[in-house]
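# Coordinate analysis (summary)
So you can see what is in the structure, the chains are spelled out below.
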Amino acid sequence: MNRSEGLVRRVKTRDTDSNGGGGGGGSSSSNYGDAENKNEQEEELEDCDSKETRLTLMEEVLLLGLKDKEGYTSFWNDCISSGLRGCILIELGLRGRVELERAGMRRKGLCTRKIILKSDTPTGDVLLDEALKHVKETDPPETIQNWIEYLSGETWNPLKLRYQLKNVRERLAKNLVEKGVLTTEKQNFLLFDMTTHPLNDNVIKCRLVKKIQDSVLTKWVNDPQRIDKRMLALILLAHASDVLENAFAPLNDDDYELAMRRVRELLDLDFEAEAAKSNSNEVIWAVFAAFTK
């Protein structure tokens, strides 16, 4: 697969960004105190909202892929299934549950090294804990590429089919319903009824889209090691899942071209070299490598 493949659709719509303006200083000390208290209350509300709507990588990628009104992903997207499994492995890596075995004489590359258990402490997320259980019970260990295939059910080995995580999109959508991001409806498609999950809270999705846009535009850091690991994973896994275009489509042409150029720069990195650097999470780079083999 070509690392820079995909992302061709354009929508010439300028993204409107409303930023709050700064208030002027008051001459009265009581006014200043009221303003200070108001700011503290707003910060508390923002912190509370952030905790309530914190999403996993899998939920963020699915949210990017869902059609807002229809409540389902594109029928033509055959990448999101494996992409979500990649998100699961990265989440486990970020949470310190799994890691790559040490490099040896025979297995030096990211794609040949096996993923091993680091901690079996439950994460509290059903999907993550189910995948963690599979990793724990597997002996000998398997590579990242194999785990993506096993968790997706895309394997010719009937003995490995038991590792498949079923109904992942529906389970993630229900998580988002519980968090107030989506709602649940039934739609009739002539021959069958389908449960759909239209967008309920547009603010959360807009915030997610803007966060991605900012990461490659106004907040771009020209060093992958200084980019937030979770944001880096979100950008490249959204690309692997063929949903990153949905975040960039509202941009004007100049910003779109700049954003895409920077994504291509990330895709063209030497993942092996990046994984070898200090403070790097090897699981993240191994997943990236698996999707760009």
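Keep in mind it's a predicted model, so treat the numbers as computed, not measured.

Here the focus is the overall build of the chain. On a plain count of helices and strands, the chain comes out with 12 helices and five strands. Residues counted as buried form 44% of the 293 residues belonging to the chain. Expressed as a percentage of contacts within the chain between residues at least 6 apart in sequence, the contacts between residues at least 24 apart total 69%. Counting every atom, the chain has about 16,500 Å² of accessible surface; 47% of that belongs to carbon and sulfur.

This paragraph deals with the packing of helix H3 (residues 80–94) against helix H6 (residues 168–178). Relative to each other, H3 and H6 sit at 60°, their axes nearing to 10 Å. When the axis of H3 is compared with that of H6, the two are oblique. Contact residues: Ile-80, Ser-81, Leu-84 and Arg-85 in H3; Val-168, Arg-169 and Leu-172 in H6. Partitioning the contact of H3 with H6 into residue classes produces four nonpolar, one polar and two charged.

This brings us to the sheet that holds strand S3 (residues 142–143). Read from one edge of the open sheet, three strands run S1-S2-S3, paired in antiparallel fashion. Every interior strand has two partners, whereas the edge strands, strand S1 (98–100) and S3, have only one. As paired strands, S1 and strand S2 (residues 114–117) are joined by three bridges and run antiparallel to one another. By the bridge assignment, Leu-100 is partnered in S2 with Ile-115. Against the sheet, helix H4 (residues 126–137) touches S1 and S2, its axis set at about 105° to S2.

Here the focus is the pattern of salt bridges. As enumerated under the stated definition, the model contains 12 salt bridges in all. A salt bridge links Glu-282 to Arg-113; the nearest nitrogen and oxygen atoms lie 2.9 Å apart. With Glu-282 in helix H12 (residues 282–291) and Arg-113 in the loop between S1 and S2, this pair connects stretches of sequence that are 169 residues apart. Judged by its relative accessible area of 5%, Arg-113 is buried. In the salt-bridge network here, residues are joined through shared partners; they are Glu-91, Arg-95 and Arg-230.

Cut-offs applied
Every chain is numbered independently, its residues counted from 1 as its sequence is written. Reporting in this predicted model follows two pLDDT cut-offs: at least 70 for local features of residues, and 80 or more for side-chain atom pairs to be given and counted; totals over whole chains, interfaces and linings ignore these cut-offs and use all residues. Note that water and hydrogens are dropped before the side-chain values are worked out from all heavy atoms of the structure. Think of it this way: any DSSP run of H or I at least four residues long counts as a helix, any run of E at least two long counts as a strand, and we number them from the N terminus. Burial classification: accessible surface area is computed with a 1.4 Å probe over protein chains only, and a residue below 20% of its type maximum counts as buried, one above 50% as exposed, and the rest as partly exposed. Contacts are assigned to residue pairs that have any heavy atoms within 4.5 Å of one another. Here, Shrake-Rupley sampling with a 1.4 Å probe gives the accessible areas, and only protein chains in the shown set may cover a residue. As a rule, the C-alpha atoms of each element are fitted with a line to give its axis, helices using only the stretch in contact, and angles between N-to-C directions run from 0 to 180 degrees. Each angle gets one of four labels, with under 35 degrees taken as roughly parallel, over 145 as roughly antiparallel, 65 to 115 as roughly perpendicular, and the rest as oblique. Charged residues are taken to be Asp, Glu, Lys and Arg, nonpolar residues to be Ala, Val, Leu, Ile, Met, Phe, Trp, Tyr, Cys and Pro, and polar residues to be all remaining types, Gly included. Criterion used throughout: strands pair if DSSP finds at least two bridges between them. Salt bridge, as applied in this entry: a Lys or Arg side-chain nitrogen positioned within 4 Å of an Asp or Glu carboxyl oxygen.

Honestly, it's all geometry; don't read function into it.
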